[in-house]
Amino acid sequence: RHSGPQRLEARGTPSLPAARATWPAHPAAMSLCLAAKLLAAPLALMALLLSVGGASANQCAGVDKDPFGPGFNDHCCLPLQPILGKWYSDRCSWKCKFCSYEGQDIYRYCGSGCDDCRRPDSAQVVHCCTGLQPVNEMGRYICRQATFSV
């Protein structure tokens, strides 16, 4: 387990080059992707702000924090979700992560052996953000805009 000083970093929001690489070519689709990313930014800021300051026993864990660690209440701050992985060593531990954005693979943290990723409720699956759904693209489950049938 990492015991050194921790820096506060806003993670989960893709960098500009990474975001451009996942944008579809159609202008209307680009607007939807941009809107989803812009809506996610305030959520990232909210989660970051909730994780600032001294932890108390009833405080939720912020971005990249262990919700089961000292001072936290075993929950991630909304809209974060707990993900199991080998973050600091060969031991499995938890980190609070953002939902999967457009173009992200929901199984991107699988492979550490911490949980069975074949189960949809695996602790290593990062579920799609609201309005997105996982779509099988050549064996990978990528978050895409949800389509509704009438």
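Residues numbered from 1 in each chain as written. Predicted model: local features only at pLDDT ≥ 70, side-chain atom pairs only at ≥ 80, totals over all residues. Heavy atoms only, no water.

Draft legend 1. Representation of the pairing of strand β5 (residues 132-137). Bridge analysis of β5 against strand β6 (residues 140-145) gives six bridges, and the strand direction is antiparallel. The partner of Pro-134 across the bridge, within β6, is Cys-143. Adjacent in sequence and paired antiparallel, β5 and β6 are bridged by two residues, among which Met-138 carries a positive phi angle near 55°. (Pairing = 2+ DSSP bridges. Helix = DSSP H or I, 4+ residues; strand = E, 2+ residues; numbered from the N terminus.)

Draft legend 2. A look at unusual backbone geometry. Going from Leu-78 to Pro-79, the amide bond is cis rather than trans, its omega being 10°. Within the secondary structure, Pro-79 sits in the loop between β2 (72-76) and β3 (81-85). The phi dihedral of Asp-64 falls on the positive side, at around 65°, and the residue is not glycine. Of the residues examined, Asp-64 reaches a relative accessible area of 11% and is grouped as buried. Residues other than glycine seldom take positive phi values, yet Met-138 does so here, at roughly 55°. (Buried < 20%, exposed > 50% of the residue type's maximum accessible area, 1.4 Å probe, protein only.)

Draft legend 3. Representation of the pattern of salt bridges within the structure. If you walk through the whole model with that rule in mind, you get seven salt bridges. Note that Asp-116 and Arg-118 form a salt bridge whose closest N and O atoms lie 3.0 Å from each other. For Asp-116, a relative accessible area of 29% translates into the label partly exposed. Look at Arg-118 and you get exposed, because its relative accessible area is 75%. Residues Glu-137 and Arg-144 are paired through a salt bridge, measuring 2.7 Å at the closest nitrogen-oxygen approach. (Salt bridge = Lys/Arg side-chain N within 4 Å of Asp/Glu carboxyl O.)

Draft legend 4. Broad picture of the side chain of Lys-95. Position of Lys-95 among the secondary structure elements: in strand β4 (residues 93-97). Buried within the structure, Lys-95 lacks any salt-bridge partner; its nearest side chain of opposite charge belongs to Asp-64, at an N-O separation of 4.3 Å. What Lys-95 contacts, discounting residues up to four positions off in sequence, is Asp-64, Lys-65, Pro-67, Gln-81, Pro-82, Ile-83, Trp-87 and Tyr-88. (Lys, Arg positive; Asp, Glu negative; His and termini not counted. Contact = heavy atoms within 4.5 Å.)

Draft legend 5. Structural view of the side chain of Ser-122. Tracing the sequence through the fold places Ser-122 in the loop between β4 and β5. Using a relative accessible area of 4% as the deciding quantity, one classes Ser-122 as buried. At a separation of 3.2 Å, a polar atom in the side chain of Ser-122 contacts the side chain of Asp-115. Those residues in contact with Ser-122, other than ones at most four positions away along the chain, are Asp-115, Asp-116 and Cys-117. (Polar contact = N/O pair within 3.5 Å; in protein donor to acceptor, adjacent residues only side chain to side chain.)

Draft legend 6. Representation of the packing of aromatic side chains in the model. Inspection of the entire model under this criterion finds three aromatic pairs. With centroids separated by 5.9 Å and ring planes inclined at 80°, the aromatic side chains of Tyr-107 and Tyr-141 adopt a geometry described as edge-to-face. Placement of the pair is Tyr-107 in the loop between β4 and β5 and Tyr-141 in strand β6, with a sequence separation of 34 residues. Looking at Tyr-107, the relative accessible area reads 25%, which means it is partly exposed. Stacked on the ring of Trp-87, the Lys or Arg Lys-97 has its end atom at 5.0 Å from the ring centre. (Phe/Tyr/Trp six-rings, centres within 6.5 Å; stacked < 30°, edge-to-face > 60°. Lys NZ or Arg CZ within 6 Å of the ring centre and 35° of its normal.)

Draft legend 7. Spotlight on the state of the cysteines. Within this structure, the stated rule accounts for six disulfides. Between the sulfur of Cys-110 and that of Cys-117 lies a disulfide, 1.9 Å long from S to S. The S-S bond linking Cys-110 to Cys-117 shows a torsion near -95°; that makes this disulfide left-handed. Residue Cys-110 is classed as partly exposed on the basis of its relative accessible area of 24%. Given the relative accessible area of 16%, Cys-117 is considered buried. Along the protein chain, the cysteines that take part in disulfide bonds pair up as 1-3, 2-5, 4-8, 6-11, 7-9, 10-12, counted in sequence order. (Disulfide = S-S within 2.5 Å.)

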